[in-house]
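# Coordinate analysis (summary)
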Amino acid sequence: MKTIKFEIQNFFVVMRLINIIPFAIYLFINNLFIIKYSSRVDVLNEWYCCLLYLILASVFVSFYTSYKSLKSYKFFYFFFITAFFLFSIILNHIVDGNSLNVDRWSAMDVGINALLNNEYPYSAIDHLGGRTSNLPTLFLIGIPFYLMGDVGILQSFGFLLFSFISFKIFNSYKDRLLCVLLIIFSPSYLWEIYCKSDLMTNFILVLLLMTVFHKTDLTKKKNIAKLSFFSTALILSRLTVVIPISLFLFKRFWCFSLKEKNIFGLVALLTTITFLCICFKNIGSINHFLMHNPFDLQNRQLPFFVSLITIVIPIIYSFRLKGFYSILIASFYFLLLPITLAFIINIYKYGWSESLYNSAFDISYFNIIIPFLLIVIVFNLKNDSSIKNVLK
């Protein structure tokens, strides 16, 4: 009996260590931003700021998960959502995009402007002299906010979508509130809001698709058509989107009947042709396309062969996944893999200081995993509390 009890305790200790890993990665990503940007403030020491954040974040999560007597989770959940949404709108209005050394917002802005003026969007020059790498869907998503006067507002509505996702996934307001607080007090996400970057919002939309469709009845033709349209549209927003989409979708697609596969394939084909025609109809010539296209820019961080492997492996691995949580955690790790590889390669080539402080590597790429990571962290904290109960 003692041996069995010891083995059970060891099992739960291992499980707790596994549960800690996502939170440790969350701290690591946010500390990259703290170290990089606090080093630019003369009165701050980046390593002290890093240590302070580690302590505060760890103490907060530990206290929050162990404290059970608060009765106002629902009130604070909606309060923080409303307050941060308004804050993001105001911040977006205050910050002059042209003063930023980040061009994601203007890459979308000039691309949409070219599109609406019947011009080839990938020839447009942004405020830093670069060209957009946005795929067609991002332009279409950004058009309503462009017409509102500022594409940066997209990030504010992206936050509302993430809050909606937390509401749909978790049953208790305590878990929903924690999920919202983790993104609000994430320096990496605050950077996204300040710099009007659409990167994290893009993957919030992917997570939204997965959340909405994971319980949808796919025996109905209209639901298969909807899933095909939205998943194809999202793949046509950023190439890396294919990783979580394939983990979520490929096993399901494989199990479809021939008729269902034909419906899915036809809708995907029509969606692809339509979206590509919208953006590439004014291309001019093949040579112009070879010189000015979004695909080279989106694939510049990793060698093509490595990028191909990081896409193929998730497709194969999708057959091992059972349940929504397993899809989320696989999405998080498989998205983390190519970014980490690119980061390590960059450090090897240019060194730590050049990669981080002088932006030889764009650390904001780590932000694509944050929406999945936060859901996994809250799931794990729920599991951790149940582990404590078993050990008792």
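For the structure, see preceding data.
What comes next concerns the included structure.

Reading guide: rules and limits
Residues numbered from 1 in each chain as written. Predicted model: local features only at pLDDT ≥ 70, side-chain atom pairs only at ≥ 80, totals over all residues. Heavy atoms only, no water. Core = buried A, V, L, I, M, F, W, Y, C linked by side-chain atoms within 4.5 Å. Buried < 20%, exposed > 50% of the residue type's maximum accessible area, 1.4 Å probe, protein only. Helix = DSSP H or I, 4+ residues; strand = E, 2+ residues; numbered from the N terminus. Contact = heavy atoms within 4.5 Å. Polar contact = N/O pair within 3.5 Å; in protein donor to acceptor, adjacent residues only side chain to side chain. Salt bridge = Lys/Arg side-chain N within 4 Å of Asp/Glu carboxyl O. Phe/Tyr/Trp six-rings, centres within 6.5 Å; stacked < 30°, edge-to-face > 60°. Lys NZ or Arg CZ within 6 Å of the ring centre and 35° of its normal.

### Considering the nonpolar core
Residues Ile-369 and Ile-375 are the most contacted members of the largest nonpolar core, which totals 108 residues. Top contributing element to this core by residue count: helix α16 (residues 324-350), with twelve residues. Residues within four places of Ile-375 in sequence aside, it is in contact with Phe-162, Ile-165, Ile-169, Phe-170, Cys-179, Leu-207 and Leu-328.

### Regarding the side chain of Asp-198
The topology assignment puts Asp-198 in the loop between α8 (187-194) and α9 (199-213). Given a relative accessible area of 2%, Asp-198 falls into the buried group. A distance of 2.9 Å separates the side chain of Asp-198 from the side chain of Arg-238, its partner in a polar contact. Once you skip the residues sitting within four places of it in the chain, Asp-198 turns out to touch Arg-104, Met-108, Leu-138, Leu-154, Gln-155, Glu-192 and Arg-238.

### Considering the pattern of salt bridges
A side chain with one charge may pair with a side chain of the opposite charge, provided their charged atoms come close. Following the criterion strictly, the structure yields three salt bridges and no others. The residue Asp-362 makes a salt bridge to Arg-104 at a minimum N-O spacing of 3.0 Å. Of this pair, Asp-362 sits in the loop between α17 (352-356) and α18 (370-391) while Arg-104 is found in helix α4 (residues 104-116), placing the two residues 258 residues apart along the sequence. A salt bridge links Asp-198 to Arg-238; its shortest N-O distance comes to 2.9 Å. Residue Asp-198 is found in the loop between α8 and α9, and its partner Arg-238 is found in the loop between α10 (221-235) and α11 (242-255); the two are separated by 40 residues along the sequence.

### Re the side chain of Ser-163
Take Ser-163: it is sitting in helix α6 (residues 153-169). Each residue touching Ser-163, except ones within four places of it in the same chain, is listed here: Tyr-77, Ile-81 and Val-180.

### Considerations on the packing of aromatic side chains
Within the structure shown, the criterion is met by 41 aromatic pairs. Between Phe-76 and Phe-80 the ring centres are 6.4 Å apart and the planes differ by 35 degrees, which places this aromatic pair in the tilted class. Of this pair, Phe-76 and Phe-80 both sit in helix α3 (residues 73-94), four residues apart, roughly one helical turn. For Phe-76, a relative accessible area of 30% corresponds to the partly exposed category. Given the relative accessible area of 23%, Phe-80 is considered partly exposed. Seen in terms of ring centroids, Phe-343 and Phe-361 are 5.0 Å apart; in terms of plane orientation they differ by 45 degrees. Their pairing is tilted. Here Phe-343 is found in helix α16, whereas its partner Phe-361 is found in the loop between α17 and α18, with 18 residues between them in sequence. Assigned by exposure class, Phe-343 and Phe-361 land together as buried. Among the aromatic residues, those joined into a ring-pair cluster are Phe-28, Phe-343, Trp-352, Phe-361, Tyr-365 and Phe-366. The ring of Phe-167 has Arg-176 lying over it, and the distance from NZ or CZ to the ring centre is 3.9 Å. Lying across the ring of Tyr-173, Arg-176 places its NZ or CZ 4.6 Å from the centre.

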